[in-house]
Amino acid sequence: MSQFNLVLLGPPGAGKGTQASRIVAEYAIPHISTGDILRGAVKNGTAMGLEAKKYMDAGDLVPDSVVIGIVKDRLQEPDTAKGFLMDGFPRTIPQAEALDAALDELDRAINKVVVILVDEEDLVKRLSGRRVCRTCQAPFHVMFNQPKVEGVCDKCGGELYQRDDDNETTVRNRLATYRKQTEPLIDYYDKAGVVARVDGAKAPDDVYEDIRMALGPAGA
Ligand code: ADP
Ligand code: ADP
Ligand code: ZN
C-alpha cells in the first residue's frame, strides 16, 4: 500500500490501544484516538470536555457533530499526509460517511480497516482490570499486562489510574452501544472490501503479527 489510511475497529477492551502503539511505531503514522482527545478536553476543562463528559460517564457516544469536528481538524495537520491510524473513530455510520467525504476531498480513501474480535465476557474482564497511564495513555492490566512496578507506566514512568468509565455498569452499556451503533460499520467497510478480521483473544504479540500480515510491509 502506498498510503496507510487505517481504521482500528473493535469493541471497548478489544486491545485497540495496545495494538495501536505497535502499528504507529512500525508504519510511522500518527495515532488518532478520539477517546484520548476527548479525555484530554475533559482534563483541561474546555467547553467541549464538559459537554462530552456527561456522555462518557454514562457509556454513551458523544454526539457525531462533536467527534466529526475533532477528526476533521486533526486531518488538517501535516503529519497525516502519508497516513494515519484512527482508533475509536468512526463509531457510527454518519461518522464513517463523514470520514469518507473528508478523505474524498483530499483524493484519499481508507485502505484498511482492522477489526479486532474478542468475546464479551473477556471484554468485561479486560476493562474492569485496565489501568491507563495519565501521561502517555498506555494501557496496562492488573492481571494480563502488569507494569514492572505497580502503579507506574513502563513506557514513561507516569502514574497509572483507573478510568471513570471502566466500572462494570458503564462497561455493559458501552458494549451494548458498540453492538447497536458501531458493529454495523463492519458491514459498511466490507462493502468497500477493506476489512481484515483478527482474533483478539490471542496474546498481544500474536495479535500484532496477524495485523502485520493484514497490512503488509511498511513503506511498500
Ligand atoms: P481498547 O483500546 O480496545 O479499549 P486496550 O488496548 O485498552 O483496549 O485493552 C483493554 C485492556 O485489555 C487493557 O487492560 C489491556 O492491557 C488488556 N489487553 C489488551 N490486549 C490484550 C490481550 N491480547 N490479551 C489480554 N489482555 C489484553
Ligand atoms: P474504549 O475503546 O475503551 O471504549 P475510548 O477511549 O475509545 O474507549 O472511548 C471512551 C468514550 O469516549 C466512549 O465511551 C465515548 O463516550 C467517547 N468516544 C470516543 N470516541 C468516540 C466517537 N468516535 N464517537 C462518539 N463518542 C466517542
Ligand atoms: Zn506512560
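Overview of the structure.

**Looking at the site of ligand 1**
Neighbouring residues of ligand 1: 19 residues in total, closest G13, K16, T18, R130 and F140. G17 places a main-chain nitrogen or oxygen 2.9 Å from an oxygen atom of ligand 1. Burial of ligand 1 by the protein amounts to 91% of the accessible area it has alone, namely 570 Å². Those elements that provide at least two residues to the shell around ligand 1 are α1 (16-27) and β6 (139-141). For the shell around ligand 1, the residue count by class is eight nonpolar, seven polar and four charged.

**Looking at the site of ligand 2**
The full set close to ligand 2 counts 19 residues, and T34, R39, D60, R130 and R174 are the nearest of them. A distance of 3.1 Å is found between an oxygen atom of ligand 2 and a side-chain nitrogen or oxygen belonging to R163. Against a free-state accessible area of 550 Å², the protein chains account for coverage of 97% of ligand 2. If you tally residues by element for the shell around ligand 2, the top one is helix α2 (residues 34-43), at four residues.

**What about the coordination of the zinc ion (ligand 3)?**
Within the protein, C133 (SG), C136 (SG), C153 (SG) and C156 (SG) serve as the donor atoms for the zinc ion (ligand 3), at 2.3 Å. With four donor atoms in place around the zinc ion (ligand 3) and angles of 99 to 115° between them, the coordination shape is tetrahedral. Each donor residue of the zinc ion (ligand 3) belongs to the same chain, with the gaps between them written as C-x2-C-x16-C-x2-C. Of the residues examined, C136 reaches a relative accessible area of 35% and is grouped as partly exposed.

**Topic: the nonpolar core**
Core analysis: the biggest nonpolar cluster contains 29 residues, and M86, L99, I110, V113 and Y189 have the highest contact counts within it. Those elements giving two or more residues to this core turn out to be β1 (4-9), α3 (47-58), α4 (64-75), β3 (83-87), α5 (93-105), β4 (112-117) and α8 (184-191). A per-element tally of this core places α4 first, with six residues. In this structure, L6, V24, L175 and V198 belong to the second largest nonpolar core, which totals 23 residues.

Each value, and the rule that gives it
- Residues numbered from 1 in each chain as written.
- Chains lettered and ligands numbered in written order.
- Predicted model: local features only at pLDDT ≥ 70, side-chain atom pairs only at ≥ 80, totals over all residues.
- Heavy atoms only, no water.
- Near = heavy atom within 4 Å.
- Polar contact = N/O pair within 3.5 Å; in protein donor to acceptor, adjacent residues only side chain to side chain.
- Areas by Shrake-Rupley, 256 points an atom, 1.4 Å probe, with all protein chains shown as cover.
- Helix = DSSP H or I, 4+ residues; strand = E, 2+ residues; numbered from the N terminus.
- Nonpolar A, V, L, I, M, F, W, Y, C, P; charged D, E, K, R; others polar.
- Donors = N, O, S within 2.8 Å, 3.2 Å for Na, K, Ca; no water.
- Tetrahedral: all angles 85-135°; square planar, octahedral: opposite > 155°, others 65-115°.
- Buried < 20%, exposed > 50% of the residue type's maximum accessible area, 1.4 Å probe, protein only.
- Core = buried A, V, L, I, M, F, W, Y, C linked by side-chain atoms within 4.5 Å.

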